[in-house]
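Single-letter residue listing:
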Amino acid sequence: MKVHQLEQFYKENVGRFKEQMKKQEKERLEQVRKQVREEQKALYEKKLQESREARQRELRLIQEELMRITEQAAGLKAQIDRALVGKEE
């Protein structure tokens, strides 16, 4: 081979090599982006689930407090009724 042919061969192969490297880097970056999106989605879903659980716990506590107040009010009403019946006699 002549020197010119070798230089041409070298340039073509270096060009192909650079293109292949760019393509691989682009694919790698896309995979990294995809992985980051998946991790962010998983984190968001986890936080959303934690938030729902916290809200349910809070609602359960409120419901228990309302039940306690209702029972207390029923007890007070019964006391008042007994006191009124005792006054009438």
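Just above, that's the structure.
Now for a quick tour of the structure. Bear in mind that the values here come from a model prediction, so they are computed numbers and not experimental data.

1. Focus on the overall build of the protein chain
When helices and strands are tallied, the protein chain shows one helix and zero strands. At 38 Å, the protein chain has a C-alpha radius of gyration far larger than the 12 Å of a compact globule built from 89 residues. In terms of its C-alpha atoms, the protein chain occupies a principal-axis envelope of roughly 130 × 10 × 5 Å. Among the 89 residues that make up the protein chain, the fraction classed as buried is 0%. Summing over all exposed atoms, the protein chain offers an accessible surface of approximately 9000 Å²; the carbon and sulfur share of this is 57%.

2. Overview of a nonpolar patch on the surface
On the surface, Leu-59, Ile-62, Leu-66 and Ile-69 cluster together into a nonpolar patch covering about 370 Å² of accessible area. Residue class for Leu-66 comes out exposed when judged on its relative accessible area of 51%.

3. Side note on the pattern of salt bridges
Counting across every chain of the model gives six salt bridges. Of the charged contacts, one joins Arg-16 and Glu-12 as a salt bridge, the two residues approaching to 3.9 Å between their closest N and O atoms. One end of the pair is Arg-16 and the other is Glu-12, both in helix α1 (residues 3-88) and four residues apart, which spans about a single turn. Overall, Arg-16 belongs to the exposed group, its relative accessible area being 53%. Here Arg-33 ties to Glu-30 by a salt bridge, and the two come within 3.6 Å at their closest N and O atoms. Taken together, the residues span about one helical turn, with Arg-33 and Glu-30 both in helix α1 at a distance of three residues. Sharing partners across several salt bridges, the network here consists of Glu-30, Arg-33 and Arg-37.

The rules behind these values
- The residue numbers shown here count from 1 along each chain, following its written sequence.
- Only residues with pLDDT of at least 70 get local features here, since the model is predicted, and only at 80 or more are side-chain atom pairs given and counted; chain-wide, interface and lining totals rely on the full set of residues.
- The side-chain values count all of the structure's non-hydrogen atoms but skip hydrogen atoms and water molecules.
- Per the convention used, a helix needs a DSSP run of H or I reaching at least four residues, while a strand needs a run of E reaching at least two, with both numbered from the N terminus.
- As a reference, a globule follows 2.2 Å times the number of residues to the power 0.38, and the radius of gyration itself is taken over C-alpha atoms.
- Buried, partly exposed and exposed residues are distinguished by accessible area as a fraction of the type maximum, computed with a 1.4 Å probe on protein chains only: under 20%, between the cut-offs, and over 50%, respectively.
- The protein chains shown are the only cover counted for residues, whose accessible areas, like all others here, come from Shrake-Rupley with a 1.4 Å probe.
- Within this analysis, patches are made of residues with over 30% relative accessible area and no salt bridge. Like charges are joined at 9 Å or less; nonpolar side chains (Val, Leu, Ile, Met, Phe, Trp, Tyr) at 5 Å or less.
- For this document, the term salt bridge refers to a Lys or Arg side-chain nitrogen within 4 Å of an Asp or Glu carboxyl oxygen.

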